[in-house]
Amino acid sequence: MATTARSGGNASGSTAQRPNGTQQNKNCQFKLVLLGESAVGKSSLVLRFVKGQFHEYQESTIGAAFLTQTICIEDTVVKFEIWDTAGQERYHSLAPMYYRGAQAAIVVYDIQNQDSFQRAKTWVKELHKQASPNIVIALAGNKADLSNIRVVEYEEAKQYAEENGLLFMETSAKTGMNVNDIFLAIAKKLPKNDGAHNQGAPAGRRLNDNENNRQTNNCCK
Amino acid sequence: MNTDPAMTSKSTTLSSLNSIPTISAAVSSSGLLGSVASDNDMRDGEISLNTIEIVQRKFKDNEKVLSIFEAYQIIGQEHRSRLLALVVSVAGGTYAVFSLATARLPPRNVNDLSIDKIFALNETFQIGSDKKGSISQLQFDLKTADEAAVKYFYYPIISAEGASDFETFHAQIISAKFSMTHSTAATESILSYSWLNDYRQIGEVKQELKRRENEYIVFKDFIVYCGTWNVNNKPYSDSPLHLWLSNGEQPADIYAIALQELDTSAKAITFSENRPDPMWISKMLSSLHKDGEYEELTSVRLVGMMLTIIIRKQLRPYIARCRVKTVARGVFNTLGNKGGVAVSIQLNEGNLCFVNSHLAAHMAFVEARNEDYAGIVRGLVFDDDLKRTINDHDHIFWIGDLNYRIEEPPGLQLPCNRASPNAYDVLMKYDQLRIEMGKGNCFDGYSEGRIKFRPTYKYDVGTDNFDSSEKQRAPAYCDRVLWKGVRIEQLAYNSIMEIRQSDHKPVYAIFRVKIKTKDEKRYKRIHEEVLKLVDKRENENQPQISVDKTVLDFGVVRFNELSVCDFTVSNNCPMPVEFMFKVKDPPLNDICEKWLQVEPRAETLMTDSTKRVRVKLLADVRSITGLLKKIRTTNWKFDFDILILHVKNGPDMFLTVTGEYKPSCFGLSVETLCRTNQPLNTYTQAQVKDLMNDDSPEFRVTMPREFFFLIDYLHKQGNKVEGAFETLEYKHARSLQFNVIRDWLDTWSSEEFPGTPQAAAEALLMLLDLPEKPLLDPFVEDLLQTNTAAEAMELISLLSSPRRNVFVHLCMFLRQGIERQYYNLQHVASVFGRILLRSTAHAGRDFYRETRCRDFMHRFISSDIGGTLSTGIADSSGISGVGGGANGGSSNGGGGGDGSNTARINAIN
Ligand SMILES: Nc1nc2c(ncn2[C@@H]2O[C@H](COP(=O)(O)OP(=O)(O)O)[C@@H](O)[C@H]2O)c(=O)[nH]1
Ligand SMILES: [Mg+2]
């Protein structure tokens with residue numbers, strides 16, 4: 001008796017179309033984890049992305065910490081919960097606790113360190129084997145500002161990334177080059193609607209505050 | 001008021017109410033704060049604000065923080081700071097107490113504050129403070145119908161600048177509540193609490209966006225066209241509805257068309273007819289302003305009342321919410337022949353409510369009409385996210401047959417004359433609705449335009465003549481359009497004489513409404529700013545702890561010796577922090593390895609406090625197997641463990657437990673022991689790791705010297721060993737005395753055995769039981785399938801030579817002891833069966849399996865199989881090799897022991 005929902009007419013689907021609308025935006029939260037050998041610049045990338053800063057002397061991470069950063073792409077608000085983990089080999093066995101349940105990972109290497117590139121490949125392999133199957137992985141060749149003393153060639157890494165279905169960019173936490181872009185590229189690639197076409201996928205958690213879920217579909221006609 | 005316990009318990013304060021600053025005084029003094037707060041560009045920190053000014057920044061310009069009070073809640077074991085703020089909405093005319101969580105006390109800026117709870121000072125609000133007993137002295141609770149009672153505590157001393165003491169704060173609340181309940185003849189309808197919805201049930205982002213609304217909200221004009229007509233139970237007909245519905249220069253954006261007495265048949269009433277009438281609706285749609293393209297948004301009907309909302313087609317995407325609701329006020333308030341139907345919509349950012357009501361009829365029933373009005377206001381709650389009432393809307397249009405009559409003044413001539421507009425004003429003096437509104441008995445806060453049309457009731461159908469029947473009903477303005485809310489301007493208000501189908505004339509009113517609308521560009525920018533701010537707040541307010549070390553070095557760790565290492569966790573952040581050790585993945589499923597103990601495993605730390613965490617390391621019979629396995633299999637640098645110190649809602653810290661394990665024979669496989677050429681105490685952890693991973697078939701001795709020493713010692717004890725091997729419990733292993741035996745074995749000591757025969761028997765069991773794999777590995781399961789000793793012997797001969805030799809010698813040794821009646825055959829078979837044939841698959845006890853193990857051992861140790869044993873030993877020459885190996889290895893003494901050991905083995909042969 002309260003809601004006389006008469007259907008018919010040109011009742012629209014579940015979301016009203018807003019011609020000028022940033023109004024009807026979706027909210028998604030994603031867990032993103034950074035992996036890679038120690039000192040390749042994982043913490044620096046997070047610091048650059050979240051706070052826009054860079055420290056020549058970046059304290060080494062002994063643990064795992066997260067920062068949140070929200071970006072808007074088109075009509076979607078994407079909130080990243082970014083986990084920066086310690087890269088030392090001795091902590092390797094703990095890594096699954098952090099990449100498990102992550103919807104995205106950035107595997108970082110240092111373009112002037114061949115070992116770190118090899119290590120990155122191992123991480124990618126491990127993620128493919130053990131992380132959730134739809135995880136979006138990006139490969140970041142960091143310290144691109146030092147490209148004059150590089151040892152890992154751009155093309156080599158690019159080709160590896162293509163073969164393994166990874167996003168790839170060379171980044172510099174120092175200059176900020178490609179830092180926002182790599183996160184943005186990930187956000188674009190992540191599945192945003194918790195619709196039926198990606199069941200089982202670690203789709204972004206829809207934020208539960210009713211920030212934007214004023215129902216429009218209960219309109220009567 | 002009498003039901004308010006606070007009122008009775010705090011009567012002293014009430015009586016002294018006059019002595020405290022009144023609320024109105026506080027409002028005016030807070031004008032100062034308002035001006036500071038409204039200056040949004042002035043960022044926090046540039047000027048130092050006192051606490052009340054910071055709190056004010058959490059609110060909008062027309063919401064004033066009157067006073068604040070510092071309290072705390074106890075949640076679990078934590079004390080959580082709360083700032084309680086008494087806030088008044090100038091627009092709503094209502095007060096509320098907000099409970100704000102604060103990241104630090106006093107808060108440094110508005111970012112430290114988040115709204116935790118809201119208590120509207122409505123009629124259900126209660127503040128209770130029993131002043132009895134010492135503990136409850138500094139506590140009170142707040143409660144409303146929406147919020148369950150919340151207990152607050154407070155300190156006798158105020159730290160926040162500008163905060164009130166409890167007496168003052170309490171009195172202000174009581175006085176605020178009092179002022180509302182007594183301001184307007186107790187009619188709830190004028191008081192709006194809708195402003196509180198901006199702070200309720202919404203995330204931080206939304207709250208912040210609301211707060212900065214004035215930066216991106218613009219007002220857009222919309223034309224709202226309201227029509228009402230009592231159709232007198234007449235069926236749909238060809239009346240020229242366009243005369244009624246297509247007025248105005250501009251086409252309206254929204255039509256709200258109200259009909260009454262659509263079908264008042266008994267059937268319709270009893271069955272509460274609620275299907276909108278499509279005939280009427282299509283007639284309406286075809287009678288609207290010619291310049292607009294329209295569609296029906298919704299219709300709602302309750303028996304005779306129908307309200308149809310029609311909008312311009314292009315508006316459809318901007319309608320974010322649309323709800324309908326009906327309230328019946330007919331007989332017994334259930335039948336729907338009287339009452340109201342309403343529609344609530346959100347257009348852009350504005351909330352509009354349209355009500356069509358048909359109130360009680362007849363000249364005398366003024367009070368019934370007032371009651372109907374109040375009943376509709378009370379009963380009309382939309383089923384939306386905030387359970388909006390009529391008053392929770394920005395723009396309200398109340399239209400319908402309100403049925404108020406004109407009190408017939410003696411001598412006044414009716415009907416009046418169309419030509420003299422002033423005559424209408426005279427009539428209005430006797431209009432019951434205006435009179436009742438003037439007294440505050442109904443429609444509080446509503447406005448109505450000036451009436452310049454003839455009474456709309458009651459006409460002879462088909463004419464413009466007032467009722468000529470016997471009843472001669474006095475003409476009246478039954479049909480009205482009222483409005484309430486902000487930014488509404490009436491453009492027209494009239495009736496249509498030319499529609500003569502009913503005994504009522506239709507009435508319409510046109511409004512220009514300025515509706516809150518987002519400037520999308522500015523909104524986008526501010527939205528992004530807000531998201532950044534909220535991120536920043538979240539990141540900066542993350543709980544943090546520090547530890548005095550991240551490496552816990554235990555130094556030299558020895559078998560069966562407890563070591564302890566402490567570290568300190570400190571909370572230097574401005575809020576209480578919960579820390580705990582994280583449970584690690586399977587198979588561990590615990591916060592630490594078996595050889596570690598952590599105390600405490602979780603704790604809450606208040607600001608500026610520390611906690612010592614104790615980590616104990618003990619590699620004993622329970623854990624040595626796992627520890628040695630970890631040493632054997634760790635490829636990288638070995639750590640005893642890495643603890644994950646987790647801060648709730650914050651980071652994890654890795655604490656590495658390091659040290660050097662000093663090897664012992666316990667837990668090592670017989671193969672590993674046969675690869676040693678020196679006592680174990682001379683090996684390093686790394687060397688033992690290599691030995692454990694060495695899988696060459698070459699051994700330095702045929703059986704472990706440590707095994708041999710124990711067997712030899714036990715053998716020599718004669719009847720002193722009586723009763724040994726009865727159980728699998730290592731009673732002595734827990735005592736320090738046991739470590740002397742450990743050292744005796746790990747140094748290949750030539751001294752006398754330093755313990756009792758029972759201790760030696762236990763040490764033997766441990767030596768055989770602690771290795772990762774049972775002695776008869778890898779044939780345990782196959783051996784359990786065998787039925788005869790001969791059959792089993794074939795498998796035994798396939799064991800590695802150290803295993804085979806140890807097994808055969810153990811059996812011979814045991815058999816002899818049994819023959820001499822030192823041990824009980826059943827016990828021995830049972831104990832050694834469980835050890836030598838231990839299952840590697842499952843840890844729990846399996847009694848059926850244990851029986852099979854015992855039977856197997858029984859068969860081997862039984863006296864009549866000596867021949868089988870000796871013939872089964874393919875490598876019998878190795879036996880003497882043991883003696884030799886031992887001799888060579890312990891060249892620095894123990895000759896006597898060696899000699900007798902060799903003799904002993906030969907004797908066994
Ligand atoms: N030149 C240069 N140095 C960088 C860059 N990123 C990080 N570093 C430096 O590399 C070191 C290690 O960085 P850090 O973020 O701690 O690496 P992590 O161990 O992977 O977290 C620090 O001294 C940084 O200042 C970069 O893009 N360019
Ligand atoms: Mg780091």
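A quick note: this is a predicted structure, and the numbers were derived from the prediction, not measured.

S.K.: How would you sum up the overall build of chain B? Please name residues and give values.
M.R.: Counting its regular elements, chain B contains 28 helices and 27 strands. Residues classed as buried in chain B amount to 57% of the 909 residues present. The contacts of chain B with a sequence gap of at least 6 include a subset with a gap of at least 24, amounting to 70%. Accessible surface computed for chain B: about 37300 Å², of which carbon and sulfur atoms make up 50%.

S.K.: Break down the site of ligand 1 for me, citing the residues and quoting the values.
M.R.: All names here are of chain A. Inspection of the region around ligand 1 gives 19 residues, with A39, K42, S44, E56 and D145 positioned closest. The backbone of V40 places a nitrogen or oxygen atom 3.3 Å from an oxygen atom of ligand 1. Contact between ligand 1 and K143: an oxygen atom at 3.0 Å from a side-chain N or O atom of the residue. Burial of ligand 1 by the surrounding chains reaches 88%, relative to a free accessible area of 570 Å².

S.K.: Could you give an account of the coordination of the magnesium ion (ligand 2), with specific residues and numbers?
M.R.: All names here are of chain A. Coordination of the magnesium ion (ligand 2) by the protein is provided by S43 (OG) and T61 (OG1), with metal-donor distances spanning 2.1 to 2.2 Å. You can see S43 sitting in helix α1 (residues 42-51) and its partner T61 sitting in the loop between α1 and β2 (63-73), a full 18 residues away along the chain. Here S43 and T61 have matching classes, each one buried.

S.K.: Could you give an account of helix α11 (residues 366-379) of chain B, naming the residues involved and the relevant values?
M.R.: Residue and element names in this part refer to chain B. With 14 residues, α11 ought to run about 20 Å at 1.5 Å a step, and its terminal C-alpha atoms sit 20 Å apart, in line with that. What α11 keeps buried is the set V366, R369, N370, D372, Y373, G375, I376 and V377. Where α11 is buried, its residues meet β12 (319-328), β13 (339-347), β14 (350-358), β15 (395-401) and α13 (432-439).

S.K.: Describe the pattern of salt bridges, and please don't skip the residues or the numbers.
M.R.: Residues and elements named next belong to chain B. Scanning the model with the defined rule gives 61 salt bridges over all chains in all. R537 is the salt-bridge partner of E208, the closest N and O atoms lying 3.4 Å from each other. Here the residue E208 occupies a position in helix α7 (residues 204-211), and R537 occupies one in helix α14 (residues 520-540), the gap between them amounting to 329 residues. Overall, the relative accessible area of 3% leaves E208 in the buried class. What emerges from the salt-bridge pattern is a single network uniting R212, E215, R525 and E529.

S.K.: Can you explain the sheet that holds β12(B)? Please cite residues and give values.
M.R.: Residues and elements named next belong to chain B. What the five strands build is an open sheet, ordered β12-β13-β14-β15-β16; its pairing is mixed. A strand with exactly one partner marks an edge of an open sheet, and here the two such strands are β12 and β16 (479-485). Across the sheet, the mean angle separating the axes of adjacent strands is 15 degrees when strand polarity is ignored. Inspection of the sheet shows β15 paired to β16 by seven bridges, in the antiparallel sense. Paired with H395 across the two strands is G485, which belongs to β16. Here α11 sits on the sheet and contacts β12, β13, β14 and β15; the angle it forms with β12, its principal contact strand, is near 135 degrees.

S.K.: Give a detailed account of the packing of helix α18 (residues 705-716) of chain B against helix α23 (residues 801-819) of chain B, specifying residues and quantitative values.
M.R.: Residues and elements named next belong to chain B. Look at α18 against α23: their axes get within 11 Å of each other, and the N-to-C directions meet at 10 degrees. Between α18 and α23, the angle is such that the two are roughly parallel. Of α23, the residues touching α18 (which contributes F707, I711, L714 and H715) are V806, H809, L810, F813 and Q816. Across the contact of α18 with α23, the residue classes break down as six nonpolar, three polar and no charged.

S.K.: Please provide a residue-by-residue account of α23(B), values included.
M.R.: End to end, α23(B) covers 27 Å across 19 residues, agreeing with the expected 27 Å (1.5 Å per residue, within 8%). With 18 of 19 residues buried, α23(B) is to be regarded as a mostly interior element.

S.K.: Can you lay out the sheet that holds strand β25 (residues 609-617) of chain B for me, pointing to particular residues and giving the numbers?
M.R.: Sheet strands pair by backbone hydrogen bonding; their relative direction is either parallel or antiparallel. Residue and element names in this part refer to chain B. Pairing within the open sheet is antiparallel, and its four strands lie in the order β19-β21-β25-β23. Lying at the two open borders of the sheet, with one neighbouring strand each, are β19 (546-547) and β23 (596-599). In this structure, β19 lies alongside strand β21 (residues 563-571), joined through two bridges in antiparallel fashion. Looking at β21, one finds that V547 is bridged to V569.

S.K.: Could you give an account of the nonpolar core, naming the residues involved and the relevant values?
M.R.: B:F725 and B:F832 are the most contacted members of the largest nonpolar core, which has 111 residues in total. Non-local contacts of B:F832, meaning those with residues more than four positions away in its chain, are made with B:F725, B:L765, B:L768, B:L810, B:L814, B:L837 and B:M857.

Criteria and cut-off values
- Residues numbered from 1 in each chain as written.
- Chains lettered and ligands numbered in written order.
- Predicted model: local features only at pLDDT ≥ 70, side-chain atom pairs only at ≥ 80, totals over all residues.
- Heavy atoms only, no water.
- Helix = DSSP H or I, 4+ residues; strand = E, 2+ residues; numbered from the N terminus.
- Buried < 20%, exposed > 50% of the residue type's maximum accessible area, 1.4 Å probe, protein only.
- Contact = heavy atoms within 4.5 Å.
- Areas by Shrake-Rupley, 256 points an atom, 1.4 Å probe, with all protein chains shown as cover.
- Near = heavy atom within 4 Å.
- Polar contact = N/O pair within 3.5 Å; in protein donor to acceptor, adjacent residues only side chain to side chain.
- Donors = N, O, S within 2.8 Å, 3.2 Å for Na, K, Ca; no water.
- Expected span 1.5 Å × (residues − 1).
- Salt bridge = Lys/Arg side-chain N within 4 Å of Asp/Glu carboxyl O.
- Pairing = 2+ DSSP bridges.
- Axes fitted to C-alpha atoms, helices over the stretch in contact; angles between N-to-C directions.
- Parallel < 35°, antiparallel > 145°, perpendicular 65-115°, else oblique.
- Nonpolar A, V, L, I, M, F, W, Y, C, P; charged D, E, K, R; others polar.
- Core = buried A, V, L, I, M, F, W, Y, C linked by side-chain atoms within 4.5 Å.

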